Amino acid sequence: MSATTHTTHTTTVPQATTDAPASVPTSGTASGRPASNVRHPVEMLKRRWPTALAVALVILTTADGSGELADTVGAFGDTLPLLPLLYVIIHQVGNPRVTWPVLGAGVAAMVALGAQDVVSQPVALVAIALAVLIWGAVRGTPHGQATFGVQAAGAFVFGALALVGLAVDPDLGRYLVAAGWFFHGVWDFVHLKLGKVVARSFAEWCGVVDVLIAAHLLFLL
């Protein structure tokens, strides 16, 4: 009698997996894009608010293009010396946090100077800048002599461009005043890159304002 051998076959049943299909989005949006991408324009506006504010200010300032060339050159030439003056004052204070309050005080000073006829605005602003520089030379400077020398040179160059631009014929003056505004915009962006002297938000805002006003003087008048 032969022995019968029984062989038992075992079948392996695949285990269910819990992995999610690759096509199922894992982000918080229905499209599968990261939520941060949806908020990107808002976040960019928050970061670039000085640029947005500058563009809005220039549009409001230059929207009425009916003014005479001499009046427009005179207005921007009168204001140009305020820009380096702000830098020399903030430099001597030694704290970038005072940048925006100093700007407010500078605008108030411009309004007060415009309400009197004793001394012209640019001459008064240049005189104030020189007084602050003399104060810095006597008292000392918080950022060192090298930075102080750069600020002094800027006050001299931009003040000279404003005064000469106002003294010559408006057809030539527009180019001198525009050059002052444009190169002060470059000045702002250099300070923004270095993160020195003034608040970074102010440097960005002022740089955009300066370049747009220079373009207005050159191409839109």
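Cut-off values and rules
Residues numbered from 1 in each chain as written. Predicted model: local features only at pLDDT ≥ 70, side-chain atom pairs only at ≥ 80, totals over all residues. Heavy atoms only, no water. pLDDT = per-residue confidence, 0-100. Helix = DSSP H or I, 4+ residues; strand = E, 2+ residues; numbered from the N terminus. Contact = heavy atoms within 4.5 Å. Axes fitted to C-alpha atoms, helices over the stretch in contact; angles between N-to-C directions. Parallel < 35°, antiparallel > 145°, perpendicular 65-115°, else oblique. Nonpolar A, V, L, I, M, F, W, Y, C, P; charged D, E, K, R; others polar. Core = buried A, V, L, I, M, F, W, Y, C linked by side-chain atoms within 4.5 Å. Buried < 20%, exposed > 50% of the residue type's maximum accessible area, 1.4 Å probe, protein only. 1 Å grid on protein atoms, 1.4 Å probe; cavity = no way out; pocket = protein on both sides within 12 Å on 5 of 7 lines; lining within 4 Å. Points joined across faces, edges and corners; volume = space filled by probe spheres on them. Phe/Tyr/Trp six-rings, centres within 6.5 Å; stacked < 30°, edge-to-face > 60°.

Draft legend 1. Fine view of the confidence of the model for the protein chain. The share of residues in the protein chain with pLDDT of 70 or more is 80%, and the mean pLDDT across the chain is 84. Taking the mean pLDDT of every element in the protein chain, the minimum, 48, falls on helix H1 (residues 35-38) and the maximum, 97, on helix H9 (residues 170-194). Ignoring residues within four places in sequence, the model shows residues 1-31, a span with pLDDT below 50, making seven contacts including any to other chains.

Draft legend 2. Representation of the packing of helix H5 (residues 82-93) against H9 within the structure. Packing of H5 against H9 brings their axes to within 10 Å, and their N-to-C directions diverge by 25°. As summarised for this structure, H5 and H9 are arranged roughly parallel, according to the angle between their axes. From H5, Leu83, Pro84 and Tyr87 reach across to H9, where they touch Trp181, His184, Trp187, Asp188 and His191. Partitioning the contact of H5 with H9 into residue classes produces five nonpolar, two polar and one charged.

Draft legend 3. Highlighting the nonpolar core. The biggest cluster of nonpolar side chains holds 42 residues, and the ones touching the most others in it are Trp181 and Phe202. Elements supplying a minimum of two residues to this core: helix H3 (49-62), helix H4 (69-79), H5, helix H6 (99-114), helix H7 (121-139), helix H8 (145-167), H9 and helix H10 (200-220). Every residue in contact with Trp181, bar those within four places of it in the chain, is listed here: Phe76, Thr79, Leu80, Leu83, Val209, Asp210, Val211, Ile213, Ala214 and Leu217.

Draft legend 4. Molecular detail of the layout of surface pockets. Looking at the largest pocket, its volume works out to about 560 Å³. Around the largest pocket, the lining comprises 27 residues; the ones closest to its centre are Thr61, Phe76, Thr79, Trp181 and Ile213. When residues of the lining of the largest pocket are traced back to their parent elements, those giving at least two are H3, H4, H5, H6 and H10. The element best represented in the lining of the largest pocket is H10, accounting for six residues.

Draft legend 5. Examining the packing of aromatic side chains more closely. Going through the model one piece at a time under the given rule, you end up with nine aromatic pairs. Pairing Phe76 with Trp181 gives two aromatic rings, centres 5.8 Å apart and planes at 85°, and the pair type is edge-to-face. Linking Phe76 in helix H4 with Trp181 in helix H9, this pair joins segments that are 105 residues apart in sequence. Grouping residues by exposure puts Phe76 and Trp181 together as buried. Summarising the aromatic geometry, the rings of Trp100 and Phe202 are spaced 5.7 Å apart at their centres and angled 85° between planes, so their arrangement reads as edge-to-face. Here the residue Trp100 occupies a position in helix H6, and Phe202 occupies one in helix H10, the gap between them amounting to 102 residues. On the accessibility criterion, Phe202 (1% relative accessible area) is buried.

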